2 protein chains.
Amino acid sequence: MPDLPKSVIFHDHGPREGFQIEDRHHPLPRRVALIEAIAAAGVPRIQAGSFVNPKLVPNMADSAEVFAAIKKRPGTRYTALALNPWGFEQALQVPQVDHYGSVVLYASNGFCLSNNNCTKQEARRRLRQWTELYDKHDVALEQVYVLSAFGCNFEGDVPLADVMEEVRHTVDLCREQGRALPRIDLDDSMGWADPHSIRQRVDAVREAYPELEIGLHLHDNRGLGGACVFAALEMGVRHFDSSIGGLGGCPFAPHKNRIAAGNICTEDMVHLCHELGIETGIDLDALIEAALLAEDIVGRPLMGRVMHSGSLAEYRTLSG
Amino acid sequence: MPDLPKSVIFHDHGPREGFQIEDRHHPLPRRVALIEAIAAAGVPRIQAGSFVNPKLVPNMADSAEVFAAIKKRPGTRYTALALNPWGFEQALQVPQVDHYGSVVLYASNGFCLSNNNCTKQEARRRLRQWTELYDKHDVALEQVYVLSAFGCNFEGDVPLADVMEEVRHTVDLCREQGRALPRIDLDDSMGWADPHSIRQRVDAVREAYPELEIGLHLHDNRGLGGACVFAALEMGVRHFDSSIGGLGGCPFAPHKNRIAAGNICTEDMVHLCHELGIETGIDLDALIEAALLAEDIVGRPLMGRVMHSGSLAEYRTLSG
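Residues numbered from 1 in each chain as written. Chains lettered and ligands numbered in written order. Predicted model: local features only at pLDDT ≥ 70, side-chain atom pairs only at ≥ 80, totals over all residues. Heavy atoms only, no water.

**Topic: the pairing of strand 2 (residues 45-51) of chain B**
All names here are of chain B. Counting buried positions along strand 2 yields seven of seven residues, so the element is predominantly enclosed. Sheet topology places strand 2 next to strand 3 (residues 77-82); six bridges connect them, and they run parallel. Bridge pairing in strand 3 links Gly49 to Ala80. On the question of chirality, the crossover connecting strand 2 to the parallel strand 3 by way of helix 3 (residues 63-69) is right-handed. (Buried < 20%, exposed > 50% of the residue type's maximum accessible area, 1.4 Å probe, protein only. Helix = DSSP H or I, 4+ residues; strand = E, 2+ residues; numbered from the N terminus. Pairing = 2+ DSSP bridges. Right-handed = clockwise from strand over helix to strand, strands pointing away.)

Below, the structure is given as structure tokens:
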């Protein structure tokens, strides 16, 4: 039966996941202004940049400067993505980064090879190395993502058992190391999830490991993002990655064979939560202004919806 | 508990609701090609045009020619919108129109005044006149829409009681006239619905009148369209109006105070149904091609999602 959470925590990946795929570099002050606007609206966690190979992702090459320029809002966490120890060491040099231990595993080998250039077994071995690296720097392992947890453009349907194997590996390793269990984030990297597969996978993880906190990282490739979040909310899931304005998707992208599409849209999902009576700590009207700023920066219409129609707040004053 | 329907019937309003708001007139052969492509994909009902004041809606002024040009597919219904007896008489002159009796009532007076230039009481009186007109021409009353059934930009929140009053009026009139009850379509004209209000209103109508068939006409102004359809599907609702590619919304529209936004996107919702195991009779890949044609006609990116990422069919062959 429905079991809505009292509150939900959004981690906005727009400034990183959105800008990294842009075909031009947007001015640093404008990207910083966007990060500050998202924070000012009350979004508690923002992925502000990444420390990755600047040849592969040139738009993120100035991430250290971005972090240094942000006027940080007390209570907001400004996170950075790192995919290897080199990147993490880079991030460690930047005092403004709020470090958190986050590692990716893969339910499908094909996506691991394409995205991480290694097998999923190798990704598991690296999880151990990451925990040791984090320990060395006193950073807690907070999150383990299981990527391609709902399907894979390289392998097709992904069996539930393959998802559970990665979850089990994580739990076993943490228990062996006497470490607090991280949150498990089921990642729908390629937009395969539907409300039933959300329920099936969240249920399976919860049944096997009731003590695990579960989060979702969803991409809205096929229009089911909102339905998936609604299904998850009714199971009490309260951690979602999302993206301001749905930034990251590109309506001009070629048809098919496009892996990256925008994350679920932060402000649309905040609107969903508020309509369902779930707290987010976010001012929706202020977040809509941030989404409009994001649209202005990229210079094309974003896929977010409520940003274009406005919230219901002003209309509701009509009915007292 | 979830009670998914075995099959769902989509009525695509894109060729009417989409093109009527375009700021230029698109060539008739292209619009006819789109209607034919939607039909070829298996969509059972298509609103192909309207017979309304050509000064107010110039883009629909050639609806008679559109209907005359369509190569009709057996089994598909090609419907037309008429808002007054004059329009209906016009439509009667066009042999290719598949007539069906459809009348609009309003849960809020403010939207009725704005949209229909009369009070909602007057709209009710006109329902009786419509039934007499339909009888005269041997057209069955199939559908009564209750507009602004979830909220109103002119009046704010709309009480459930105001929705139920329109439903009751319809049922009472039909019983008085010894007429089969039409389907009641709850219409979220301005994008106020959320999954809980969907449940609340569908539940209320069903409890009061278990014999009524219920349909939904939803606009996806605020990103909750898919979640609302999912909630409705789990209540067994099987009639939805929708729009190819989400046609009708315009990402370039000014922020706020914009009433029209696209209907829920047909092919995204077909994808949802298929993933949930619900039959639609529609070939999703063919429908995606139709959506791409719609995008090509209007010359700007449409808001549909699966049309840009492609269906999962080809990827699923990878997993056998």
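**A word on the relation of the copies chain B and chain A**
Here chain B sits on chain A after a turn of 180° about the axis and a move of 0.0 Å along it, with an RMSD of 0.0 Å. In short, the pair behaves as if placed about a two-fold rotation axis. Minimal C-alpha separation from the rotation axis in chain B is found for Ala227 of chain B, amounting to 1.9 Å. Interface residue correspondence from chain B to chain A reaches 100%, placing this contact among same-surface, isologous pairings. (Least-squares fit on C-alpha atoms with pLDDT ≥ 70 in both. Contact = heavy atoms within 4.5 Å.)

**Topic: the domain arrangement of chain A**
Residue and element names in this part refer to chain A. You can read the domains of chain A as domain 1 (7-99 + 243-250 + 279-320) and domain 2 (100-238). Listed by partner, the interface residues are 20 residues for domain 1 and 15 residues for domain 2. For the pair domain 1 and domain 2, the summed buried area comes to about 1,400 Å², and 56% of that belongs to carbon and sulfur atoms. When the area that domain 1 buries against domain 2 is broken down by residue, the three leading residues are Leu83, Phe88 and His99, summing to 29%. Applying the counting criterion to the domain 1 and domain 2 interface returns one salt bridge. The residue Glu142 makes a salt bridge to Arg77 at a minimum N-O spacing of 2.7 Å. A breakdown of the residues in the side of domain 1 that touches domain 2 according to their chemical character gives eight nonpolar, seven polar and five charged. (Domains from an automatic or database assignment. Buried area = accessible area lost by both parts, 1.4 Å probe. Salt bridge = Lys/Arg side-chain N within 4 Å of Asp/Glu carboxyl O. Nonpolar A, V, L, I, M, F, W, Y, C, P; charged D, E, K, R; others polar.)

**Describing the pattern of salt bridges**
Working definition: two side chains of opposite charge can pair if their charged atoms are close together. All names here are of chain A. Throughout the structure, instances matching the rule amount to 40 salt bridges over all chains. We note a salt bridge from Asp62 to Arg31, for which the minimum N-O separation is 2.5 Å. Taken together, the residues Asp62 in the loop between strand 2 (45-51) and helix 3 (63-69) and Arg31 in helix 2 (residues 28-40) connect sequence positions 31 residues apart. On the accessibility criterion, Asp62 (13% relative accessible area) is buried. Among the residues examined, Arg31 registers a relative accessible area of 5% and is labelled buried. The network of salt bridges with shared partners includes Glu122, Arg125 and Arg126.

**With respect to the sheet that holds strand 7 (residues 214-218) of chain B**
Residue and element names in this part refer to chain B. The eight strands lie next to each other as 3-2-1-8-7-6-5-4, forming an open sheet whose pairing is parallel. Since the sheet does not close on itself, it has two edges, and those belong to strand 3 and strand 4 (101-106), each with one partner. The average undirected angle you get between the axes of adjacent strands in this sheet is 25°. Each of strand 1 (9-12), strand 2 and strand 3 touches helix 2 (residues 28-40); the most contacted strand, strand 2, lies at about 155° to it. Where helix 10 (residues 266-275) meets the sheet, it contacts strand 1 and strand 8 (239-242), and its direction lies at approximately 175° from that of strand 1. (Axes fitted to C-alpha atoms, helices over the stretch in contact; angles between N-to-C directions.)

**Section: helix 4 (residues 85-92) of chain A**
All names here are of chain A. Turning to helix 4, its buried residues number three or more, namely Gly87, Phe88 and Ala91. Axial view of helix 4: buried residues confined to an arc of 100°, hence all on one face. Summarising the contacts, the buried residues of helix 4 are in contact with strand 2, strand 3 (77-82) and helix 6 (120-136). (Arc of directions from axis to C-beta.)

**Examining the state of the cysteines**
Residues and elements named next belong to chain A. One pass over the full model with this rule turns up zero disulfides over all chains. Distance from the sulfur of Cys118, which forms no disulfide, to the nearest cysteine sulfur (Cys112) is 3.8 Å. Of all cysteine sulfurs, the one in Cys273 lies closest to Cys265, which takes part in no disulfide; the gap is 12 Å. Among the residues examined, Cys265 registers a relative accessible area of 6% and is labelled buried. (Disulfide = S-S within 2.5 Å.)

**A few points about the packing of helix 5 (residues 109-116) of chain A against helix 6 of chain A**
Residues and elements named next belong to chain A. At a closest axis distance of 8 Å, the pairing of helix 5 and helix 6 adopts a crossing angle of 65°. If you check the angle between helix 5 and helix 6, you find them roughly perpendicular. In this structure, helix 5 contributes Asn109, Cys112 and Asn116 to the contact, and helix 6 contributes Lys120, Gln121, Ala123 and Arg126. Broken down by class, the residue content of the contact of helix 5 with helix 6 amounts to two nonpolar, three polar and two charged. (Parallel < 35°, antiparallel > 145°, perpendicular 65-115°, else oblique.)

**Details of the interface of chain B and chain A**
The interface of chain B with chain A comprises 55 residues on the first partner and 55 residues on the second. Taken as a group, Arg222, Arg305 and Tyr315 of chain B account for 16% of the area that chain B buries against chain A, more than any other trio of residues on that side. For the pair chain B and chain A, the interface holds six salt bridges. Here Glu234 of chain A ties to Arg199 of chain B by a salt bridge, and the two come within 2.8 Å at their closest N and O atoms. In this structure, the connection of chain B to chain A is made through twelve residue pairs in polar contact (both at pLDDT 80 or more). Of all elements in the fold, only helix 8 (195-208), helix 9 (225-233), helix 10, helix 11 (284-298), helix 12 (306-309) and helix 13 (313-316) of chain B reach the threshold of two or more residues within the side of chain B that touches chain A. Ranked by the residues each element gives to the side of chain B that touches chain A, the list is headed by helix 10 of chain B, at five residues. (Polar contact = N/O pair within 3.5 Å; in protein donor to acceptor, adjacent residues only side chain to side chain.)

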